[in-house]
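# Remarks on the overall topology
Given next are the chains, with one letter for each unit.
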Amino acid sequence: MGTISVYELGTQVQLYGVLAMWVVILLRIPAARRSRQQRMLLLAVVGMAGSITIYLAPVLSALNALPGIVIAGCGLFTNLWGVFSSALVLDFVLGALGRRRAKLVYGGTAAVLVTLVALNLTAFPNDEGCVTTNQAQWYSTFWWIIIAAHLVAKIPCLLLCLRYAHQARQDSSLRIGLGLFAAAFAVSAFFWLTMLYVLFTGERWIGQYSALNIGLTAVLMTAGAALPLVLDTGQMVRNMRALWRLWPLWRDLIEEVPHVALSRPQARARDLLGTPHSTYLRLYRRVIEIRDAMLILRDYVSPETVRRAQAHVEAAGVPSAERQAAVTACWLAAARRAKNAGVAPDPNPLDVAQLPGDGLPSEIDFLLAVARARTQPWVATFEAAGSDQGAGKQA
């Protein structure tokens with residue numbers, strides 16, 4: 001593959017990479033409004049996206065066409081924005097890791113920007129040219145400062161992300177996200193190291209690969225920033241699936257004890273409408289309402305009925321991992337029959353309504369198992385006739 005084809009590939013990767021970055025930025029705005037850390041991430045990605053967008057040929061042409069604005073391929077404005085975007089990235093990474101030093105980061109950045117403007121206007125008026133052109137010499141103070149500013153921002157970000165990605169062994173999503181950011185910082189740091197090499201050697205041909213390098217940085221940064229969106233989307237799909245499968249169980253239980261429900265059942269498909277946050281809250285409320293209904297209905301069955309359900313399930317050959325859910329489905333069916341038959345509730349000393357697990361995910365899994373068990377033949381064949389008469393008197 002020749003240098004021309006590599007350059008063309010690089011421009012395509014750069015274009016689609018930066019477009020993807022702006023899409024991710026728009027999608028992350030709602031989350032950024034609720035979280036300061038998310039706002040810092042969004043600002044960092046906006047800074048990087050802006051610094052890459054400016055280098056796109058159509059954008060350069062449009063900006064240079066504006067009256068009084070001269071951007072040029074490596075003009076002063078693009079270089080200043082690049083330094084400032086590096087500061088945004090460094091600030092975000094330090095903040096995310098609990099080591100934020102805003103005054104140091106932005107104070108140092110302001111000093112660098114003022115110095116670059118002063119050098120551009122006085123001692124080195126031609127140094128705003130690209131490193132890969134003859135305008136930038138190896139002794140250029142202007143470019144030494146720019147390269148140093150980028151490396152001072154990117155290399156610590158790279159090292160911090162690698163360190164904490166290694167420590168996040170129990171959180172795969174965090175480890176992957178930090179790894180993607182680390183890869184983006186590594187590619188960006190490599191770009192500025194190659195610019196340093198160009199200053200020393202004068203080998204300007206490396207500039208043909210700059211677009212590909214910048215494009216890869218955009219793709220990796222986009223992937224890291226988009227990972228929470230992907231995870232949120234996946235979690236929302238799982239929550240929607242759980243809501244859909246729990247709906248029949250929830251509907252049947254609140255028909256028996258309607259006062260536990262915050263709202264009456266509507267169309268099943270309406271449960272699937274909403275944002276990731278509202279879907280999660282709806283599922284959380286659904287689990288609470290099912291659990292409350294179970295607590296009330298347990299008083300309509302006797303301990304003997306529960307023991308009969310356990311024996312019935314074992315005799316049916318239900319796998320041990322599914323027995324508790326099957327027993328629950330059996331005694332819930334018996335409790336509904338008893339309540340509809342007018343049996344008065346009587347406190348059940350057995351805590352048969354206790355959901356297993358130590359968190360919402362495990363409770364959801366158990367209730368889904370109960371919902372599945374309700375459709376099995378051993379629940380339909382469980383008859384508690386006469387066994388519930390000790391649970392209370394006819395109303």
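Residues numbered from 1 in each chain as written. Predicted model: local features only at pLDDT ≥ 70, side-chain atom pairs only at ≥ 80, totals over all residues. Heavy atoms only, no water.

### Topic: the overall build of the chain
Within the chain, the regular secondary structure consists of 13 helices and zero strands. Reading the helices (α) and strands (β) of the chain from amino to carboxyl end gives α-α-α-α-α-α-α-α-α-α-α-α-α. The buried share of the chain, reckoned over its 395 residues, is 43%. Look at the contacts in the chain between residues 6 or more apart in sequence, and 75% of them connect residues 24 or more apart. Surface exposure of the chain reaches about 20100 Å², of which carbon and sulfur atoms provide 63%. (Helix = DSSP H or I, 4+ residues; strand = E, 2+ residues; numbered from the N terminus. Buried < 20%, exposed > 50% of the residue type's maximum accessible area, 1.4 Å probe, protein only. Contact = heavy atoms within 4.5 Å. Areas by Shrake-Rupley, 256 points an atom, 1.4 Å probe, with all protein chains shown as cover.)

### Here's the deal with the nonpolar core
Side chains of a nonpolar character, in soluble globular proteins, are inclined to be buried together. Judged by nonpolar contacts, the single largest core of 55 residues is most densely connected at M21, V93, I147, F185 and W192. Looking at this core, the elements that each hand over two or more residues are α1 (3-34), α2 (36-53), α4 (76-96), α5 (102-121), α6 (141-167), α7 (172-201) and α8 (210-256). When residues in this core are grouped by element, the largest group, 13 residues, is from α6. Sequence-distant contacts of I147, defined by excluding residues within four places in its chain, comprise W192, M195, L196 and L199. L246, A326, V327 and V370 belong to the second-largest nonpolar core, a separate cluster that totals 46 residues. (Core = buried A, V, L, I, M, F, W, Y, C linked by side-chain atoms within 4.5 Å.)

### Focus on a nonpolar patch on the surface
On the surface, L15, Y16 and L19 cluster together into a nonpolar patch covering about 290 Å² of accessible area. Here L19 falls in the partly exposed class, since its relative accessible area comes to 45%. (Patch = residues over 30% accessible without salt bridge, like charges linked within 9 Å, V, L, I, M, F, W, Y side chains within 5 Å. Salt bridge = Lys/Arg side-chain N within 4 Å of Asp/Glu carboxyl O.)

### Some thoughts on a positive patch on the surface
A contiguous patch of positive charge, built from R238, R241, R245 and R372, is present on the exposed surface. Here the element with the most residues in the positive patch is α8; it accounts for three residues. Judged by relative accessible area, which is 46%, R245 ranks as partly exposed. (Lys, Arg positive; Asp, Glu negative; His and termini not counted. Charge placed at Lys NZ, Arg CZ, Asp CG, Glu CD.)

### As for helix α9 (residues 276-297)
Given a rise of 1.5 Å per residue, 22 residues ought to cover 32 Å, and the 32 Å separating the end C-alpha atoms of α9 matches this to within 8%. Of all the residues in α9, the buried ones are T279, L283, R286, V287, I288, E289, I290, A293, M294 and L297. Considering only its buried residues, α9 is in contact with α8, α11 (320-340) and α12 (360-373). (Expected span 1.5 Å × (residues − 1).)

### Description of the pattern of salt bridges
In the structure shown here, the tally under the stated rule is eight salt bridges. The shortest N-O distance in the salt bridge between R374 and D252 comes to 2.4 Å. A residue pair is termed long-range when its members are at least 10 positions apart, and R374 in the loop between α12 and α13 (377-380) and D252 in helix α8 qualify at 122 residues. Between E289 and R285 there is a salt bridge whose closest N-O contact spans 2.9 Å. With E289 and R285 both in helix α9 and four residues apart, the pair spans about one turn of that helix.

### A short note on the side chain of T279
Here T279 lies in helix α9. Given a relative accessible area of 0%, T279 falls into the buried group. The contacts of T279, once residues within four sequence positions are left out, are M236, N239, M240, L243 and G274.

### A word on the packing of α2 against α8
Closest axis-to-axis distance for the α2/α8 pair is 11 Å, and the angle between their directions is 155 degrees. Comparing their axes, α8 and α2 come out roughly antiparallel. For the element pair α2 and α8, the recorded crossing hand is left-handed. Packed against α2, whose contacting residues are V45, M48 and I52, the element α8 presents I214, T217, A218, M221 and A225 at the interface. For the contact of α2 with α8, the residue count by class is seven nonpolar, one polar and no charged. (Axes fitted to C-alpha atoms, helices over the stretch in contact; angles between N-to-C directions. Parallel < 35°, antiparallel > 145°, perpendicular 65-115°, else oblique. Left-handed = near helix turned anticlockwise from the far one by under 90°. Nonpolar A, V, L, I, M, F, W, Y, C, P; charged D, E, K, R; others polar.)

### Some details on the packing of aromatic side chains
On inspection of all chains with the given rule, the structure shows seven aromatic pairs. With 6.1 Å between their ring centres and 75 degrees between their planes, F142 and W143 make a pair best called edge-to-face. For the pair shown, F142 and W143 are each scored as buried. One aromatic cluster is present, formed by F142, W143, F191 and W192 through successive ring pairs. R268 extends its terminal NZ or CZ atom over the ring of W244, reaching a point 4.0 Å from the ring centre. (Phe/Tyr/Trp six-rings, centres within 6.5 Å; stacked < 30°, edge-to-face > 60°. Lys NZ or Arg CZ within 6 Å of the ring centre and 35° of its normal.)

### Considerations on the confidence of the model for the chain
Detail in the predicted coordinates should be disregarded across regions flagged by low pLDDT. Summarising the model, the chain shows a mean pLDDT of 82, and 87% of its residues fall at 70 or more. When mean pLDDT is compared element by element in the chain, α12 scores highest at 91, while helix α3 (residues 57-64) scores lowest at 74. Contacts of residues 384-395 to residues separated by more than four positions or lying in other chains number 32 contacts, the stretch itself having pLDDT below 50. (pLDDT = per-residue confidence, 0-100.)

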